[in-house]
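Observations on the model geometry
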Amino acid sequence: MAKSLVIVESPAKAKTIEKFLGPNYKVLASYGHVRALPSKQGSVDIEADFQPLYHVLPESEKQIALLKKEADKSDEIILATDPDREGEAIAWHLLEALGIDENSKSPTVKRVTFQEITKVAVQEAVANPGHIARDMVDAQQARSILDYLVGFNLSPFLWKKIRYGLSAGRVQSVALRMICEREKEVQAFKPEEYWTIEADLQTETGTNFRARLQSVDGQSLKKFDIASESDAAALVQALTDQTIQVASIKRTEKKRQPSAPFTTSTLQQEASRKLGFSARKTMSLAQKLYEGIDLGDGAEGLITYMRTDSVALADVALQEAKEVITSLYGPDYALEKPRTFKNKSKNAQEAHEAVRPTIIANTPDKVKPHVSSDQYRLYRLIWMRTVASQMAAAQLDATSVDLSAGDRFMLRASGQVIRFAGFMKLYIESSDDAEEKDEATLPQLQQEEIVSCQELLPEQHFTQPPPRFSEARLVKTLEEFGIGRPSTYASIINTLTARKYVRLEKRVFYPEDVGMVVSDLLSNHFAQYVDYNFTAQLEENLDAISRGEAQWRPLLKEFWEPFITLLKQKETEISKQDVTTEKTDRECPECKKPLVIKLGRAGRFLACSGFPECRYTEALNGDAKEEPVISDQKCEKCDAPMLIKEGRYGKFYACSAYPACKNIQPLVKPKALGITCPGCKEGELQEKKSRYGKIFYSCNLYPKCKYALWDLPIEEACPKCDFPLIVEKVTKRDGTYRKCPQEECDWKLVLVPPEKKPAKKPAAKKPAAKKPAAKKPAAKKPAAKKPAAKKAAPKKASDTKVAAEKAPPKKKPAASKTKKTAATKTKED
């Protein structure tokens, strides 16, 4: 019997920790959150002072039953969930779901936290337990309830006023507003022309360098002083044949300091800039590095906890960094006293350490053979940033040379030389801003030295619009405003893209039409609730609750009453047409009624205001609509000529007698298979193409018969159940095989078996996989998937009920029902 039951979030973390604690401890995972507010109306009892009505998540019921069983056999329960606000809440929810009081004597309850999953850190944490921080639990409850109140009241409002399926969120909507407002700035931007003039100069020794025109007649040139090509040409003419000589030389020494170690936010930003990782991918990889990787002596965490606002490093890490720097780069690159940093972000919670390697002596090269390519790249980034933060400052010699050209003109050349690389030998932080040109190295010049002008180079420039948001820039801006928590940014960005509010192109965000409409509606009618300062202040209030300086229920009441009052007011004031329809000054070419801009599933488009009597539509991008082409086909209903028209799914035949005759036909006729439809026994199966281009097979008597299949039908009776046809299917997993299309029949014949994957060379890995007896429970996971698979099974039967013009529904993979791990637990606002 295990004396102590340790509960963590993820199974990977559980396996790592169990090896550190010995046989008297059993470590099990909760698989992330176990209780939450149900996704339906009424999950918060507002009349009962905002009492949350939690329920155990359906996917967590089996695990809770297992944890209860183990808890009954244990003397003590150790809650070792993550060391943050959400981790405290999970620990509290676990006790509530298990029905155990924190002050219980049998079993006793302890709360432990650790910043890194190493043997020393885990054993020290277990030896010094504490209690659940109820203030942090209350802050997390308040955040969850606030997000629920906004989402489950504002989202239905959007369904009524725009379209079903949209969502609004307390932080999500603010982030959307940022992206949309930036897009409006870009669209409204008018570039301005300006010119610069550079001179290609050469010293007496033949060394070339460049200088830029700096002043004319003693007046420094401003950006737009040379406004046109003619202005530039006049100055070039005046500069030609002027004697150019060195007027002054200014040399200065500069020091450049390294960046602070990573916080959650800066890790996401730098991984986006340097590695091209999304915030979601960065956090997923970091979670795996934190939970433990086997480097040969058993699994151990490679980095400290990755959800942190702190830029501090532990004393042991500072000492390790100094030793590693001295060993790899020499004593000149190490510091006598450790360098400390101050956090610049709003609402920083600095109780933790920065994100750093748990053992700095584990260099990237040492770790590389044991991790994936992406894990290696992220670990290398974290390692370099941590080590560089404790390296000596870089020393640079900067030189600025002014050169006179006659009596009227002054040119300037500047450059710098790295005298001592310091931390720059290892790492330089990237920037979202356009890359500046590296300053050139200047030749040795003397006062009053005359140089020759090889060429004068006038160059045209245009001012640039403000840059659209990249993931890194959006994360940085949200943090600067103090909006949301860095741990939530990945899920916020994912929600915006999943809802089709924005799209990511060339690593920058573009708002979709529906995103602009939603943002405008919220900004115009709920301005306070998408205001940057209001959202940041709400975040500060939540932080005050976590520090024990405020109560959570009064905060909810203060937010709720004006919010619901405004929402009810806007329900009656705003109509759907006001939001989704915009008037234009154009007339419909078919019925002469005004054209309006409407919002559809594919975005905004021009449509006739006389709908449904007139169905004229036109793309909004201004492209001329193609005139229909008269074909050589005749309408089978009225014998009128058929026109070739273009719709949203491509070209098709339409009767020219429309609207008297509304016959339409596909441009490419379905291919007859010569197989009698087994559904109606009258029609014939045809090969067709879905609106998305996928081949399927259906009855030619649609809509009378709606029988359809995804797989190629073959006119052979099933040997087992005598169904009149079988189907042939090709997959990588199963190869080429035939089977019965009837759900209740399991007949299958393999024609070409799948290609066998080459066996992995290192045979030692196989027994390693079988070693831990703890893996046997994990093997039971697939059994949990079976109910999900059975639920999905009836969907196949719908293959026989789908319209021919509509493709059969895709089968949803049962994997979507698998148990979530802590690595994928969401932290949404």
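Keep in mind that what you see is a predicted model, and the values were worked out from it rather than measured.

Peptide bonds are, in most cases, trans, and in most cases residues other than glycine have a negative phi. With an omega of 0°, the peptide bond running from S106 to P107 counts as cis. Its location among the elements puts P107 in the loop between α3 (85–98) and β8 (108–111). For the bond running from F611 to P612, omega is 10°, close enough to zero to count as cis. Among the secondary structure elements, P612 is positioned in the loop between β22 (603–608) and β23 (617–619).

Judged by its relative accessible area of 10%, P107 is buried. Taking the C-alpha atoms as reference points, P107 and S74, separated by 33 residues in sequence, lie 6.5 Å from one another. The contact partners of P107, leaving out residues within four places of it in the chain, are A71, S74, D75, E76 and I77.

One pass over the structure, following the stated rule, counts two cavities of 30 Å³ or more. Of the volumes computed, that of the largest cavity is approximately 90 Å³. Lining the largest cavity are 14 residues, and of these V150, L154, G169, R170 and Y529 lie nearest its centre. Those elements that place two or more of their residues in the lining of the largest cavity are α5 (134–161) and α16 (532–546). By residue class, the composition of the lining of the largest cavity is 10 nonpolar, three polar and one charged.

We now examine helix α17 (residues 552–573). With 22 residues, α17 extends 32 Å between its outermost C-alpha atoms, agreeing within 8% with the 32 Å of an ideal straight helix rising 1.5 Å per residue. Taken together, the buried positions of α17 are W552, L555, L556, F559, W560, F563, I564, L567 and K570. Where the residues of α17 are buried, they touch β5 (51–52), α5, α15 (513–525) and α16.

You can see L154 is positioned in helix α5. Judged by its relative accessible area of 5%, L154 is buried. Setting aside residues no more than four positions away along its own chain, L154 makes contact with A168, L522, F526, F563 and L567.

Further remarks concern the nonpolar core. Where a protein is soluble and globular, its nonpolar side chains tend to be buried together. If you look at the biggest cluster of nonpolar residues, it comprises 144 residues, and the most contacted ones within it are F114, L158 and L378. It is α5 that contributes the most residues to this core, 11 residues altogether. Once residues lying within four places of it in the same chain are set aside, the contact partners of L158 are R163, L166, S167, A168, Y501, V518, L521 and L522. Within the second largest apolar cluster, 25 residues are counted, among which are I197, A199, L445 and V451.

Pairing in this open sheet of four strands is antiparallel, and the strands run β28-β29-β30-β31 from one edge to the other. Because the sheet does not close on itself, it has two edges, and the strands there are β28 (671–676) and β31 (708–709). Here strand β30 (residues 695–699) pairs with β31 via two bridges, running antiparallel. For Y697, the partnering residue across the bridge sits in β31 and is L709.

Along the polypeptide, T477 turns up in helix α13 (residues 471–481). Among the residues examined, T477 registers a relative accessible area of 14% and is labelled buried. If near-sequence neighbours (up to four positions away) are discounted, T477 is found in contact with M178 and F469.

With that settled, consider the pattern of salt bridges. Oppositely charged side chains may form a pair once their charged atoms are brought near each other. Taken as a whole, this structure holds 41 salt bridges when the rule is applied. The partner of E185 in a salt bridge is R182, with the nearest N and O atoms 3.7 Å apart. One end of the pair, E185, and the other, R182, are both in helix α6 (residues 172–188), three residues apart, so they sit about a helical turn from each other. On the accessibility criterion, E185 (41% relative accessible area) is partly exposed. Of the residues examined, R182 reaches a relative accessible area of 18% and is grouped as buried. Here E353 makes a salt bridge to R356, at a shortest N to O gap of 2.6 Å. The exposure classification of E353 matches that of R356, with both residues buried. Connected through shared salt-bridge partners, E9, K13, D82 and R307 make up one network.

Another aspect to go through is the packing of aromatic side chains. Two numbers describe a pair of aromatic rings. These are the distance of the centres and the angle of the planes. On inspection of all chains with the given rule, the structure shows 16 aromatic pairs. Ring geometry for Y194 versus F224: centroids 5.8 Å apart, planes at 80°, classification edge-to-face. Remark: F224 occurs in the loop between β11 (219–220) and α7 (229–239) and Y194 occurs in strand β9 (residues 193–202); sequence separation between them is 30 residues. Owing to a relative accessible area of 36%, F224 belongs among the partly exposed residues under this scheme. Here Y329 and Y333 contribute two aromatic rings whose centre-to-centre distance is 6.1 Å and whose plane-to-plane angle is 50°, an arrangement assigned as tilted. Judged by relative accessible area, which is 22%, Y329 ranks as partly exposed. Given a relative accessible area of 13%, Y333 falls into the buried group. In this structure an aromatic cluster arises from ring pairing among Y529, F534, F559, W560 and F563. In this structure, R35 is placed above the aromatic ring of W92, and the distance from its NZ or CZ to the ring centre is 5.5 Å. One Lys or Arg, K368, reaches over the ring of Y376 and ends 4.9 Å from the middle of that ring.

To continue, consider the pairing of strand β25 (residues 641–647). Two strands pair when backbone bridges link them, and strand β24 (residues 629–634) and β25 are joined in this way by three bridges, in the antiparallel orientation. Each bridged residue has a counterpart across the sheet, and for K634 the counterpart in β25 is P641. Between the end of β24 and the start of β25, which pair antiparallel, lie six residues, with D639 showing a positive phi angle near 70°. One ladder, built from six bridges, connects β25 with strand β26 (residues 650–655); its direction is antiparallel. Within β26, the position partnered with E646 by the bridge is K651.

Any residue range with low pLDDT should be treated as having predicted coordinates unsuitable for detailed reading. Per-residue pLDDT for the protein averages 84, and the proportion of residues at 70 or more is 88%. Low confidence marks residues 763–829, where pLDDT is under 50. Its contacts with residues over four positions away, or in another chain, come to 98 contacts.

Read across the open sheet, the four strands follow the order β20-β21-β22-β23; overall the sheet is antiparallel. Among the strands making up the open sheet, the edge pair consists of β20 (581–587) and β23. Averaged over all pairs of adjacent strands, the angle between strand axes in this sheet comes to 35°, irrespective of strand direction. Where β20 lies against strand β21 (residues 594–600), four bridges are found, and the strand directions are antiparallel. Looking at the pairing, E582 lines up with I597 of β21.

A separate point is helix α2 (residues 61–72). For α2, spanning 12 residues, the distance from its first C-alpha to its last is 17 Å, which sits close to the expected 16 Å at 1.5 Å a residue. Of the positions making up α2, those classed as buried are Q63, I64, L67, E70 and A71. Buried residues of α2, viewed axially, fall in a sector of 125°; they line one side. In α2, those exposed residues whose orientation departs by more than 90 degrees from the buried face are K62, K69 and D72. Buried residues along α2 sit against β1 (4–8), β2 (25–29), β6 (55–56), β7 (76–79) and α3.

Rules used throughout
Residues numbered from 1 in each chain as written. Predicted model: local features only at pLDDT ≥ 70, side-chain atom pairs only at ≥ 80, totals over all residues. Heavy atoms only, no water. Helix = DSSP H or I, 4+ residues; strand = E, 2+ residues; numbered from the N terminus. Buried < 20%, exposed > 50% of the residue type's maximum accessible area, 1.4 Å probe, protein only. Contact = heavy atoms within 4.5 Å. 1 Å grid on protein atoms, 1.4 Å probe; cavity = no way out; pocket = protein on both sides within 12 Å on 5 of 7 lines; lining within 4 Å. Points joined across faces, edges and corners; volume = space filled by probe spheres on them. Nonpolar A, V, L, I, M, F, W, Y, C, P; charged D, E, K, R; others polar. Expected span 1.5 Å × (residues − 1). Core = buried A, V, L, I, M, F, W, Y, C linked by side-chain atoms within 4.5 Å. Pairing = 2+ DSSP bridges. Salt bridge = Lys/Arg side-chain N within 4 Å of Asp/Glu carboxyl O. Phe/Tyr/Trp six-rings, centres within 6.5 Å; stacked < 30°, edge-to-face > 60°. Lys NZ or Arg CZ within 6 Å of the ring centre and 35° of its normal. pLDDT = per-residue confidence, 0-100. Axes fitted to C-alpha atoms, helices over the stretch in contact; angles between N-to-C directions. Arc of directions from axis to C-beta.

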